[in-house]
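The residues making up each chain are set out below.
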Amino acid sequence: MTNPLVQLQHLGQSPWHDNIRRGLLTSGALKKMVRQGDITGLTSNPTIFEQAIAQSSDYDDAIEALARKGKSAEEIFDALSIEDIRAAADVFAPVFKRTKGGDGYVSIEVAPKHANDTQKTIKEAHRLWEAVSRPNLMVKIPATQAGIPAIEQCIADGLNINVTLIFSLQRYHEVMNAYLAGLEKRVKKGKDIGRIASVASFFVSRVDTLVDRLLDEKIQALGADQAALLDKLKGQAANANAKLAYAEFRKKFTTDRYAALAHHGARVQRPLWASTSTKNPAYPDVYYVEALVGPDTVDTMPPATIAAYKDHGRPEVRLDKDLDEAARAIEQLEEFGIRMDWVTQKLEDDGVAAFARSFDTLLAVVEARRVAVMLGDRQTAHLGKFQKSVDATLKAMASVKFGERLWKKDATLWKPDDEAHQKEIKIRLGWLDVADLMLTRVGEMRAFADEVRQAGFTHAVLCGMGGSSLAPEVLREAFGVAKGYLDLKVLDSTDPAAVINAEAWSAPERTLYLIASKSGSTTEPNAFFSFFWHHVHHAKGDRAGENFVAITDPGTAMERRAQEHGFRKIFLNPPEIGGRYSALSYFGLVPAALMGIDVQKLLDRARQMMRACGPIISPMQNPGLSLGAALGALAQAGRDKLTFVVDEKISTFGYWTEQLIAESTGKEGKGIVPVEGEPAGKPEVYGKDRVFVVMRLGKAEADPSVAALVKAGFPVVELQLQDAYDLGAEFIRWEIATAAAGWVLGINPFDQPNVQESKDNTVRLLQEHVTKGQLPDPGGALDPDTPDYPARLLAHLKSVKAGDYVALTAYVERTARREKVLRQLRTAIRDRYKAATTVGYGPRFLHSTGQLHKGGADNGVLIQFVGEDPIDAPIHGEKYTFSVLKAAQALGDFESLTARRRRAVRVNLGDNIRRGLLKTLTVVEAKLAKKASKKRTAAKKK
């Protein structure tokens with residue numbers, strides 16, 4: 001059977017391939033098509049390159065190499081496209097040689113951003129011509145008003161030009177005249193014109209797309225008879241327009257003007273039919289190709305259209321037939337108010353804009369790949385024997401298109417068969433685009449920071465819990481406070497001493513109180529508000545609202561309270577963001593702006609990571625997904641104790657990550673246990689359930705401790721940050737990684753089903769206190785002052801087995817001296833039992849690791865520390881104090897643990913908290929010393 005594509009060539013039409021991809025070149029597929037006679041030339045454009053780069057891994061190695069050389073996205077694309085076009089030109093060189101320059105051309109496009117600048121177009125066309133350096137190259141220049149003189153000049157300069165984006169007959173005349181004028185200039189200068197080739201790309205199917213839409217609009221407004229006539233005109237405009245253009249071509253290139261140039265060897269400027277794929281499924285798939293067959297023409301077709309025509313095309317010259325019908329079709333459209341001059345001008349304008357957008361999209365794709373390389377170079381994973389399982393996880397992610405579906409906010413990723421979960425997930429994915437939204441609010445936040453500074457405020461107290469407070473604390477510790485900005489203190493404890501100390505920290509008149517709560521009903525922020533409002537109102541009277549700011553979701557009770565009390569400002573956060581995913585929303589950024597942090601720079605770093613983790617980046621190159629795959633796969637392999645080793649300046653980043661990971665993954669009997677702040681030890685003190693994440697600031701240097709961990713067989717992930725602003729990127733990386741790890745574990749990472757238990761218990765216990773005047777005594781608490789304390793404590797710790805962790809939950813004020821003792825206690829427990837250790841201050845941890853303790857695997861051994869408060873603070877408007885609230889929260893937490901049969905013990909430290917902690921440390925250290933002594937004795941016997 002004769003190949004219809006070859007038959008087209010016998011009829012004088014050249015079938016060109018409207019596609020390019022490196023795989024076509026390297027696999028030999030393009031060469032095979034040329035050898036078989038299917039195609040005789042090739043065109044490209046930004047959309048084609050964007051799809052080739054985004055949808056394949058063909059360019060990964062080249063992009064990596066160029067990115068590491070410091071090339072920009074535009075420079076990378078330039079290098080890639082020139083290399084591909086040069087290689088394609090070599091593939092078509094035999095056709096070019098066989099036809100003596102009549103065919104075998106490959107096109108590359110001048111960047112659309114130059115479409116309206118004649119001189120820049122000329123300059124760029126010359127650059128591309130010289131860079132590709134192939135005689136069968138055509139440079140594509142759009143037929144805009146600025147493009148016409150550029151076409152003429154480039155022809156005069158001896159370049160082969162593919163004139164693109166032609167829609168109207170008027171513009172086509174200008175294009176043909178520009179071509180002839182350019183040749184005439186060369187002749188006048190005595191230069192050769194015999195080798196110069198040009199095509200005029202006349203766009204086809206887009207005309208029908210627009211005209212058919214206009215016809216449909218008119219059909220709806222007309223009677224049946226006229227509607228039937230209009231309906232018959234659908235699908236006629238594009239081919240009619242092209243046929244009339246071909247007729248003009250035949251006229252132009254039979255004039256005396258052209259004959260004079262032909263005498264010097266000039267070639268005709270062949271019409272090239274572009275956009276010949278069928279957009280309307282109601283039309284045949286080769287509808288436009290069949291209608292536009294004729295001599296001295298080119299038809300550039302995408303792969304699907306080439307395949308379809310090769311399969312069932314019926315080549316026959318039809319271009320010069322039915323011209324009267326074509327003209328009549330255009331006249332009828334005009335009669336019904338559809339003016340072709342308006343249609344074609346709009347298509348030209350839209351086409352230029354669309355190509356510009358395509359170029360921008362292309363550069364965004366390359367930029368994403370470039371950034372992924374650069375950020376990937378700052379993420380190193382030493383996974384050893386676990387590498388295979390992580391690779392398998394990454395392949396599984398790729399197979400379900402995890403990245404693409406994540407950015408589409410596809411809730412079925414995590415719970416495909418559970419509509420209730422999906423409903424919750426759908427309203428919790430706003431964090432994916434919050435950085436873009438917040439970039440539009442940077443001016444607002446900066447202006448507010450300037451306003452309060454000018455108003456004389458010098459300090460700010462952030463009153464919040466969990467997701468409302470942790471990111472600001474991280475930023476305060478990492479950045480400090482810029483000169484002239486507000487110092488920030490985070491209050492996320494109901495311990496009365498902590499509350500009183502926050503009140504005494506600064507003068508109320510100069511202090512801004514940020515009351516932060518997503519739900520607006522969280523117990524702690526509302527209690528803080530009542531406390532501070534009383535003090536500020538005492539100092540400022542009816543002007544107290546000037547000192548208060550609310551950060552909450554729209555429509556909450558807190559928003560209403562803020563309005564009623566005349567708050568200085570109410571920041572309404574996007575509601576589709578869960579608290580622990582809210583670092584880059586108002587919850588994290590308003591405090592940052594008040595401290596003088598450059599929030600735009602922070603968000604820019606976040607957006608860099610977003611690009612690197614975007615939908616087109618494969619899981620293997622995606623910093624967020626690759627980390628999430630590792631965390632999830634390692635947890636499944638028993639390495640579920642995620643231990644952070646973090647530079648001192650950003651050490652508090654672990655606070656935020658602890659909540660994100662614990663609350664997101666600790667459910668359904670599963671979970672990843674984040675271990676932050678645990679003192680470093682030698683490899684031999686760690687159990688086989690550990691995975692380490694090392695985060696460093698500044699230039700990477702060889703770390704002997706990391707090398708020792710890797711040598712000992714521990715999986716280690718190293719993350720290198722340029723400076724503290726990279727925390728913006730890390731917020732995004734870890735959010736994506738956590739979402740991905742949740743997918744691996746098969747859980748919903750956006751809910752917190754067990755957090756409410758403790759809250760409900762607290763409410764019930766407070767009501768009991770109001771009714772009975774006291775809280776119930778649970779009994780069974782250990783007392784460090786009793787003789788049996790060591791035995792009872794060690795009996796509890798004896799339940800620790802391989803794979804367990806020990807959680808110290810302290811319902812006491814956090815002070816430096818207590819922190820030191822707790823660190824020593826963690827070290828002693830870890831070294832004695834080889835168990836990971838965590839410390840949580842109550843009630844703060846209830847909003848983070850509290851979910852993991854109750855909903856995660858039963859591998860936690862918990863010690864709850866409580867004590868007597870030497871001072872108390874009132875909660876104005878309530879019948880209980882902060883001390884009672886904290887005690888109720890501790891008791892409610894303990895009840896929830898025991899109800900779930902978790903291994904938990906309660907230790908009452910009495911009225912001297914530090915002494916009780918030191919006694920506890922002595923017990924464990926004595927046990928550790930005894931164990932060491934036994935080891936030494938055994939060693940001597942050997």
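Residues numbered from 1 in each chain as written. Predicted model: local features only at pLDDT ≥ 70, side-chain atom pairs only at ≥ 80, totals over all residues. Heavy atoms only, no water.

### Comments concerning the overall build of the chain
Part 1 of the reasoning: Along its length, the chain carries 38 helices and 22 strands.
Part 2 of the reasoning: If you line up the chain on its principal axes, its C-alpha atoms span 115 × 80 × 55 Å.
Part 3 of the reasoning: Among the 942 residues that make up the chain, the fraction classed as buried is 58%.
Part 4 of the reasoning: Taking as baseline every contact in the chain between residues at least 6 positions apart, the subset at least 24 positions apart corresponds to 79%. (Helix = DSSP H or I, 4+ residues; strand = E, 2+ residues; numbered from the N terminus. Buried < 20%, exposed > 50% of the residue type's maximum accessible area, 1.4 Å probe, protein only. Contact = heavy atoms within 4.5 Å.)

### What about the sheet that holds strand β20 (residues 836-841)?
Part 1 of the reasoning: A sheet is described by the order of its strands in space; here four strands give the open sequence β20-β19-β21-β22, paired in parallel fashion. Only two strands of the sheet have a single partner each, and these edge strands are β20 and β22 (903-908). With direction set aside, neighbouring strand axes in the sheet form an average angle of 15°.
Part 2 of the reasoning: As paired strands, strand β21 (residues 860-866) and β22 are joined by six bridges and run parallel to one another. Paired with Leu862 across the bridge in β22 is Ala904.
Part 3 of the reasoning: Contacting β19 (805-810), β20 and β21, helix α35 (residues 816-833) runs over the sheet at an angle of about 155° to β20. (Pairing = 2+ DSSP bridges. Axes fitted to C-alpha atoms, helices over the stretch in contact; angles between N-to-C directions.)

### What to know about the pattern of salt bridges
Part 1 of the reasoning: Scanning the entire structure with this criterion turns up 71 salt bridges.
Part 2 of the reasoning: In this structure, the salt-bridge partner of Asp350 is Lys346, at a minimum N-O distance of 3.1 Å. In this pair, Asp350 and Lys346 are both assigned in helix α17 (residues 340-376), four residues apart and thus about one turn of the helix distant.
Part 3 of the reasoning: Take Asp350: its relative accessible area is 35%, and that puts it in the partly exposed class.
Part 4 of the reasoning: Lys346 sits in the partly exposed class, given a relative accessible area of 27%.
Part 5 of the reasoning: As a salt-bridge pair, Glu668 and Lys415 come within 3.0 Å of each other at their nearest N and O atoms. Of this pair, Glu668 sits in the loop between α30 (653-665) and β16 (673-675) while Lys415 sits in the loop between α19 (402-407) and α20 (419-426); the two residues are 253 residues apart in sequence, bridging distant segments of the chain.
Part 6 of the reasoning: Taking the relative accessible area as the measure of exposure, Lys415 reaches 13% and is therefore buried. (Salt bridge = Lys/Arg side-chain N within 4 Å of Asp/Glu carboxyl O.)

### A word on the sheet that holds strand β17 (residues 690-697)
Strands in a sheet are paired, the pairing made by backbone hydrogen bonds, and the direction either parallel or antiparallel.
Part 1 of the reasoning: An order of β9-β18-β17-β15-β16 is seen for the five strands of this open sheet, with the pairing classed as mixed. Edge positions in the open sheet fall to β9 (379-382) and β16, since each of these has one partner strand only. Across the sheet, the mean angle separating the axes of adjacent strands is 20° when strand polarity is ignored.
Part 2 of the reasoning: Sheet topology places β9 next to strand β18 (residues 716-721); four bridges connect them, and they run antiparallel. The residue bridging His382 from the neighbouring strand is Val716, located in β18.

### As for the packing of aromatic side chains
Part 1 of the reasoning: All told, the structure shown has 39 aromatic pairs when counted by the stated rule.
Part 2 of the reasoning: A centroid spacing of 4.9 Å and a plane angle of 80° characterise the contact between Tyr287 and Tyr288, whose relative ring orientation is edge-to-face.
Part 3 of the reasoning: One aromatic cluster is present, built from ring pairs that chain together Tyr513, Phe528, Phe529, Phe531, Phe532, Trp533, Phe548, Phe567 and Phe882.
Part 4 of the reasoning: Over the face of the ring belonging to Tyr485 we find Arg453, whose NZ or CZ atom lies 3.8 Å from the ring centre.
Part 5 of the reasoning: In this arrangement the basic side chain of Arg814 is found over the ring face of Tyr841, its NZ or CZ atom lying 5.8 Å from the centre. (Phe/Tyr/Trp six-rings, centres within 6.5 Å; stacked < 30°, edge-to-face > 60°. Lys NZ or Arg CZ within 6 Å of the ring centre and 35° of its normal.)

### Things to note about the side chain of Asp804
Part 1 of the reasoning: Tracing the backbone through its elements, the reader meets Asp804 in the loop between α34 (789-797) and β19.
Part 2 of the reasoning: A polar atom in the side chain of Asp804 sits 2.9 Å from the backbone nitrogen of Lys801.
Part 3 of the reasoning: A polar side-chain atom of Asp804 sits 2.9 Å from a polar atom in the side chain of Arg903.
Part 4 of the reasoning: The contacts of Asp804, once residues within four sequence positions are left out, are Lys641, Asp689, Ser799, Ala835, Ala836, Asp858, Asn859, Val861 and Arg903. (Polar contact = N/O pair within 3.5 Å; in protein donor to acceptor, adjacent residues only side chain to side chain.)

### Topic: the environment of Ala396
Part 1 of the reasoning: With respect to the secondary-structure elements, Ala396 resides in helix α18 (residues 387-399).
Part 2 of the reasoning: Residue Ala396 is classed as partly exposed on the basis of its relative accessible area, which comes to 28%.
Part 3 of the reasoning: Separated by 312 residues in the primary sequence, Ala396 and Asp84 have C-alpha atoms spaced 31 Å apart.

### A few points about the side chain of Asn162
Part 1 of the reasoning: When you line up the elements, Asn162 lands in strand β5 (residues 161-166).
Part 2 of the reasoning: Looking at Asn162, the relative accessible area reads 0%, which means it is buried.
Part 3 of the reasoning: Here the side chain of Asn162 touches Ser201 through a polar contact of 2.6 Å, side chain to side chain.
Part 4 of the reasoning: In contact with Asn162, not counting residues within four places along its chain, are Thr43, Ser107, Met138, Val139, Lys140, Ile141, Val199, Ser201 and Leu272.

### A word on the nonpolar core
Part 1 of the reasoning: Ranked by size, the top nonpolar core spans 129 residues in total, and within it Leu30, Ile53, Ile161 and Leu333 carry the most contacts.
Part 2 of the reasoning: Ranked by residue count, the leading element in this core is helix α6 (residues 73-98), at twelve residues.
Part 3 of the reasoning: Here Ile161 is in contact with Met138, Val139, Ile141, Ile151, Cys154, Ile155, Ala197, Ser198 and Val199, once residues within four sequence places are set aside.
Part 4 of the reasoning: Counting residues in hydrophobic clusters, the runner-up holds 106 residues, among them Val549, Leu589, Ile617 and Ala739. (Core = buried A, V, L, I, M, F, W, Y, C linked by side-chain atoms within 4.5 Å.)

### Some remarks on the environment of Ile219
Part 1 of the reasoning: With respect to the helices, strands and loops of the structure, Ile219 is situated in helix α10 (residues 205-219).
Part 2 of the reasoning: C-alpha of Ile219 to C-alpha of Leu229: the two residues are ten residues apart in sequence and 9.2 Å apart in space.
Part 3 of the reasoning: Not counting residues up to four positions away in its chain, the partners in contact with Ile219 are Ala227, Leu230, Asp231 and Lys234.

### Some thoughts on the packing of helix α5 (residues 60-68) against α6
Part 1 of the reasoning: Two numbers describe how α5 lies on α6: the axes approach to 10 Å, and their chain directions differ by 135°. In this view, α5 runs oblique relative to α6, as classed from their interaxial angle. Here α5 and α6 pass one another in a crossing that is right-handed. Within the contact between the two elements, α5 uses Ala62, Ile63, Leu66 and Ala67 and α6 uses Ile76, Ala79 and Leu80.
Part 2 of the reasoning: Looking at the contact of α5 with α6 residue by residue, the classes come out as seven nonpolar, no polar and no charged. (Parallel < 35°, antiparallel > 145°, perpendicular 65-115°, else oblique. Left-handed = near helix turned anticlockwise from the far one by under 90°. Nonpolar A, V, L, I, M, F, W, Y, C, P; charged D, E, K, R; others polar.)

### What to know about the pairing of β21
Part 1 of the reasoning: Among the seven residues in β21, seven count as buried, and that is most of the element.
Part 2 of the reasoning: Taking every second residue as pointing to the same face, both faces of β21 are buried, with Gly860, Leu862, Gln864 and Val866 on one and Val861, Ile863 and Phe865 on the other.
Part 3 of the reasoning: In the classification by handedness, the crossover that spans β21, the intervening helix α37 (residues 882-899) and the parallel β22 is right-handed. (Right-handed = clockwise from strand over helix to strand, strands pointing away.)

### Digging into helix α26 (residues 557-564)
Count 3.6 residues to each turn of an α-helix, and residues three or four apart come out pointing the same way.
Part 1 of the reasoning: Those residues of α26 lying buried are Met558, Glu559 and Ala562. Around the axis of α26, the buried residues are gathered within 105° of arc, so they sit on the same side. Along α26, the residues that are exposed and aim more than 90 degrees away from the buried face are Gln563 and Glu564.
Part 2 of the reasoning: Where α26 is buried, its residues contact β12 (511-517), α25 (523-540), β13 (548-552) and β14 (569-572).
Part 3 of the reasoning: A positive backbone phi angle near 70° is found at Gly566, which sits one or two residues after α26. (Arc of directions from axis to C-beta.)

### Some details on the packing of α17 against helix α28 (residues 599-612)
Part 1 of the reasoning: In the contact formed by α17 and α28, the axes pass within 7 Å of each other and the chain directions differ by 105°. In terms of axis orientation, α17 runs roughly perpendicular to α28. Side by side, α17 and α28 meet where Glu367, Ala368, Val371, Ala372 and Leu375 of the first sit next to Gln608, Met609, Arg611 and Ala612 of the second.

### Observations concerning helix α29 (residues 623-636)
Part 1 of the reasoning: An ideal rise of 1.5 Å per residue puts 20 Å on 14 residues; α29 measures up with 20 Å between its terminal C-alpha atoms.
Part 2 of the reasoning: Taken across its 14 residues, α29 has 13 buried, putting it largely inside the fold.
Part 3 of the reasoning: Note on α29: the residue one or two positions beyond its end, Gly638, has a positive phi of about 95°. (Expected span 1.5 Å × (residues − 1).)

### Considering the environment of Gln774
Part 1 of the reasoning: Among the structural elements, Gln774 can be located in the loop between α33 (755-772) and α34.
Part 2 of the reasoning: Along the backbone, Gln774 and Phe894 are 120 residues apart, and their C-alpha atoms lie at a distance of 17 Å.
Part 3 of the reasoning: Setting aside chain neighbours within four positions, we find Gln774 in contact with Glu768 and His769.

### Comments concerning unusual backbone geometry
Part 1 of the reasoning: Here the residue pair Gly842 and Pro843 is connected by a cis peptide bond, since its omega of 5° sits within 30 degrees of zero.
Part 2 of the reasoning: Within the element layout of this structure, Pro843 appears in the loop between β20 and α36 (849-855).
Part 3 of the reasoning: With phi around 55°, Lys100 is a residue other than glycine that occupies positive phi space.
Part 4 of the reasoning: On the secondary structure map, Lys100 appears in the loop between α6 and β3 (106-109).

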